[in-house]
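Report on the structure
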Amino acid sequence: MNLTLKIWRQKNAKAKGSFVTYKLEGASQEMSFLEMLDYLNTTLIKKGEDPVAFEHDCREGICGTCSLYINGRAHGQDSMSATCELRMSRYKDGDTIVIEPWRAKAFPVIKDLIVDRLAFEKILEAGGFISANAGAAPEANSIPVPREHADKAFDAASCIGCGACVSACKNASAQLFIASKVSQLALLPQGRAEAKSRARNMIAKADELGFGSCTNTGACEVECPKGISLAHIARLNREFLKATL
Amino acid sequence: MSNFLKASIGRKLLVGLSGLFLFSFILVHLTVNLFLLAGQESYNIATHFMTTNPVIQTIEPILAIGFILHIGISVWLTFWNQRARPEKFLKVDQSKSSTWPSRNMFVLGGLIFIFLVIHISNFWYKINFTEIGYIEHGGEMVKDAYTMVATSFSNWWYVVIYVAGAVFLGFHLNHGFQSAFQTIGVSNEIWRKRWTVLGNFLSVLIAAGFSIIALYFLLKTL
């Protein structure tokens, strides 16, 4: 299949970037989206050009390294999947694909399609932990946890920190990320003790880093590759209220 | 408390709470307006009650504060949110991930604000601060607000403005209602669906309710 790719190119963090259009011939519908980019890079290298920089690691939707805003949607058009899980069978011969990096003040572009997501680590450092030393794994039934809580905490913990929520949000808000981290700990006995200060500190850090605020459009939930629920944001709001009032 | 107001969530909570308060006012407002359909005497007595009742008069300034908070903080947050993405995406397709009203609350709010200014100068100001005709109902002289409304809505362009205002309000509430409950934390997987369904119903009810009254008077003159 032949494709027209409109890709954001930017030499480094300080350089001014722009879109460059590539005509790619001979891509296959059996490729994954990232393999298609690998193929593009092979053709660029053969021509002596600088290949397009993009992030990837596990390529099976569990590490959260890949990103990409594809044709106006975070991780492409499929719900509940990361860019690495996107297949070229979703595209037709002759399609034009616009590929952009995540856009947010808190996620500056480092090169081409790679952004610096250190802001998420800073939010975690502000409260995404329990300060007591948990020691070795305890005996399974020594701390009773209701099944429902365990399931919800696990759902929240499935966040891979990719940043799709920030990209999907019209306000570039990190609320779904923060909510998942707050929920996974607040729902379990070990994390309960610091639940209030955790919510307050993580929100304060996100505000400081320049993320936007939540207006409940729900776009993050739809674009999240792990389908993390907005219900966690409601829990974050409750924890925040309890912590500050 | 200072933490509360400094944080984006805290400010957002104030938008949600003031929004719910304004929503309760809208329901009362629509209820009173529905007396218009019951006839001249019913509506004039209802208006007389609303303009002279001490409870309502105490709530009026609180209502004004509600409007100021809701509008002021929303404007502030919208600009804050604009700053969070200095470089925009070239191609954006949010149609599959969110509803149109949810992405356009600021625009809808702005249109409602323009309508509000027109509306307050047309009715509220006239009823409270200018001399309008009096009429006797049950031995008591009351302001004839009914005739004023009926005269206003005999102009088709007036009706167009009011129907547009009601529709904008309906769209605003369509997202705003469930969003407010999410923001104050009174929501989960199940309740979010309930708030959404209830919000859809109430937003249609409010948009239709206000529109029908305006159209009723226009049709009466034909």
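Residues numbered from 1 in each chain as written. Chains lettered and ligands numbered in written order. Predicted model: local features only at pLDDT ≥ 70, side-chain atom pairs only at ≥ 80, totals over all residues. Heavy atoms only, no water.

1. Structural notes on the side chain of Arg117 of chain A
All names here are of chain A. With respect to the secondary-structure elements, Arg117 resides in the loop between strand 7 (114–115) and helix 2 (118–125). Looking at Arg117, its side chain comes within polar contact range of the main-chain oxygen of Thr65, at 2.5 Å. Looking at Arg117, its side chain comes within polar contact range of the main-chain oxygen of Cys162, at 2.7 Å. (Helix = DSSP H or I, 4+ residues; strand = E, 2+ residues; numbered from the N terminus. Polar contact = N/O pair within 3.5 Å; in protein donor to acceptor, adjacent residues only side chain to side chain.)

2. Notes on the nonpolar core
Residues Leu5, Phe33, Met36, Leu37, Ile123, Ile178 and Phe211 of chain A are the most contacted members of the largest nonpolar core, which totals 110 residues. The element that contributes the greatest number of residues to this core is helix 8 (residues 156–183) of chain B, accounting for nine residues. Residues from two domains meet in this core; each of domain 1 (3–111) and domain 2 (117–132 + 139–244) of chain A gives at least three. Ignoring sequence-local partners within four residues, the contact set of Phe211 of chain A consists of Ala106, Phe107, Ala119, Phe120, Ile123, Val166, Ala172, Ala174 and Ala206 of chain A together with Trp80 and Ala84 of chain B. (Core = buried A, V, L, I, M, F, W, Y, C linked by side-chain atoms within 4.5 Å. Buried < 20%, exposed > 50% of the residue type's maximum accessible area, 1.4 Å probe, protein only. Domains from an automatic or database assignment. Contact = heavy atoms within 4.5 Å.)

3. With respect to the environment of Ala193 of chain A
Residue and element names in this part refer to chain A. As for its position among the elements, Ala193 is in the loop between helix 6 (189–192) and helix 7 (195–209). You can call Ala193 exposed: its relative accessible area is 74%. Separated by 63 residues in the primary sequence, Ala193 and Ile130 place their C-alpha atoms 8.5 Å from one another.

4. Things to note about the interface of chain B and chain A
In this assembly, 41 residues from chain B lie in contact with 50 residues from chain A. Between chain B and chain A the total buried area reaches about 3700 Å² when both faces are included, carbon and sulfur atoms providing 55% of it. On the surface where chain B and chain A come into contact, there are one salt bridge. Salt-bridge contacts for Arg192 of chain B lead to Glu221 of chain A; the nearest nitrogen and oxygen are separated by 3.2 Å. Joining chain B to chain A, the criterion identifies 23 residue pairs in polar contact (both at pLDDT 80 or more). For the side of chain B that touches chain A, the secondary-structure elements that each account for two or more residues are helix 1 (2–6), helix 2 (8–38), helix 4 (54–83), helix 5 (100–103), helix 8 and helix 9 (189–221) of chain B. (Buried area = accessible area lost by both parts, 1.4 Å probe. Salt bridge = Lys/Arg side-chain N within 4 Å of Asp/Glu carboxyl O.)

5. Here's the deal with the pattern of salt bridges
All names here are of chain A. In the structure shown here, the tally under the stated rule is 15 salt bridges over all chains. With a closest N to O distance of 2.9 Å, Glu223 and Arg73 form a salt bridge. Placement of Glu223 in helix 8 (residues 219–223) and of Arg73 in strand 4 (residues 73–74) is noted, with a sequence separation of 150 residues between them. Considered together, Glu223 and Arg73 belong to a single accessibility category, that of buried residues. Salt-bridge contacts for Glu239 lead to Arg192; the nearest nitrogen and oxygen are separated by 2.8 Å. Highlighted residues: Glu239 in helix 9 (residues 231–244) and Arg192 in helix 6, separated in sequence by 47 residues. We classify Glu239 as buried; its relative accessible area is 3%. Accessibility expressed as a relative area gives 33% for Arg192, which makes it partly exposed. Through salt bridges with shared partners, one network takes in Arg9, Asp50, Lys111 and Asp112.

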